[in-house]
Amino acid sequence: MLRISTFITSLIILMVLPLTSLAQTVQDDNRNDTITVKQKYGLRLGGDIGKLVRSFVDDDYKGFEIAADYRLTQKLYLAGELGSEENTVINDYLDVTAKGSYFKAGIDYNLYRNWLDMENLIYTGIRVGASTFSQGLNGYTVYTTDQYYDTPFTSSDVQEYKGLSAIWIEMVIGAKAELFTNLFIGANVQVKGMISQDQPSNFENLYVPGFNRTFDSGRFGFGFGYNISYLIPIYKKNKKISIED
């Protein structure tokens, strides 16, 4: 969480740095009450670079995510993500591999007030997510109340449970900053609540692709992402800005 906060703070600084020069431009043009700028509307495509990096450094994880958003109004964006994950979770009693794909769709609302033709975002959003996946039980240990005298039973027989699915809802908060023309970097944090899920008959899901690690009997989850994206402008709209603003 500290790394996420630091990264988002850096994005905000990138957004604020141009304000001094832009404010001077407005002051130099104080002969008019308003100025008109052209704002870009289009499709922004990108991916989660955090998942790619983790796939290289973590032997127990493989995954990718493609993200997109489309600007509907000055503040509102249609957004979604599509991805695939394979993750192994090991605790004192279970060794389980979850594998599957997921899709999330929803809206983002930009809370950041851009100056002139800037396209940066500090946003909040909501998603509905769905996943289809399998759970592979690689091994397990039977819990006994008297570990001192009894040797726990351990099995390494692989069992796979296919055809599982899950549906959840999540709240998102994040930031996107334009580094170069139409090229953005960003970070986001997600808080998730499970609506429904299929589980194997003899153990609970420890990880659901797209939902991440499950907590509190699988009802809640958390996630974060680092992304890079490119805006494909389709058309532009004029926006009038009051100099007094």
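In this report, the structure presented in the accompanying data block is examined. Computed from a prediction, not measured in an experiment: that's the story for all the values here.

Further remarks concern the overall build of the chain. From N to C terminus, the chain includes three helices and eleven strands. Put simply, the chain has 245 residues, and 43% of those count as buried. Here the analysis covers contacts within the chain between residues at least 6 apart in sequence; of these, 68% occur between residues at least 24 apart. Accessible area of the chain: about 13,900 Å², with a carbon and sulfur share of 59%.

Attention now moves to the pattern of salt bridges. Scanning the model with the defined rule gives ten salt bridges in all. Between Lys-104 and Glu-170 there is a salt bridge whose closest N-O contact spans 3.2 Å. Of this pair, Lys-104 sits in strand β4 (residues 94-110) while Glu-170 sits in strand β7 (residues 159-180), placing them 66 residues apart in sequence. Take Lys-104: its relative accessible area is 3%, and that puts it in the buried class. Here Lys-192 and Glu-170 are joined by a salt bridge, their closest N and O atoms 2.7 Å apart. You can see Lys-192 sitting in strand β8 (residues 183-197) and its partner Glu-170 sitting in strand β7, a full 22 residues away along the chain. The pair formed by Lys-192 and Glu-170 is uniform in burial state, with each residue classed as buried. Salt bridges sharing partners connect three or more residues here, namely Arg-44, Asp-69 and Lys-176.

One non-glycine residue, Asn-182, adopts positive backbone phi at about 70°. Structurally, Asn-182 can be placed in the loop between β7 and β8. The buried category is assigned to Asn-182, whose relative accessible area is 7%.

Taken together, Leu-72, Leu-78, Ile-107, Ile-126, Val-128, Ile-167, Ile-169, Met-171, Val-191, Ile-195, Phe-215 and Phe-222 make up a surface patch of nonpolar side chains, about 1,100 Å² in accessible area. Counting only elements with at least two residues in the nonpolar patch, the list comes to β5 (121-141), β7 and β8. For the nonpolar patch, the leading source of residues is β7, giving three residues. Of note, Ile-126 is situated in strand β5.

Thresholds, definitions, all that
- Residues numbered from 1 in each chain as written.
- Predicted model: local features only at pLDDT ≥ 70, side-chain atom pairs only at ≥ 80, totals over all residues.
- Heavy atoms only, no water.
- Helix = DSSP H or I, 4+ residues; strand = E, 2+ residues; numbered from the N terminus.
- Buried < 20%, exposed > 50% of the residue type's maximum accessible area, 1.4 Å probe, protein only.
- Contact = heavy atoms within 4.5 Å.
- Areas by Shrake-Rupley, 256 points an atom, 1.4 Å probe, with all protein chains shown as cover.
- Salt bridge = Lys/Arg side-chain N within 4 Å of Asp/Glu carboxyl O.
- Patch = residues over 30% accessible without salt bridge, like charges linked within 9 Å, V, L, I, M, F, W, Y side chains within 5 Å.

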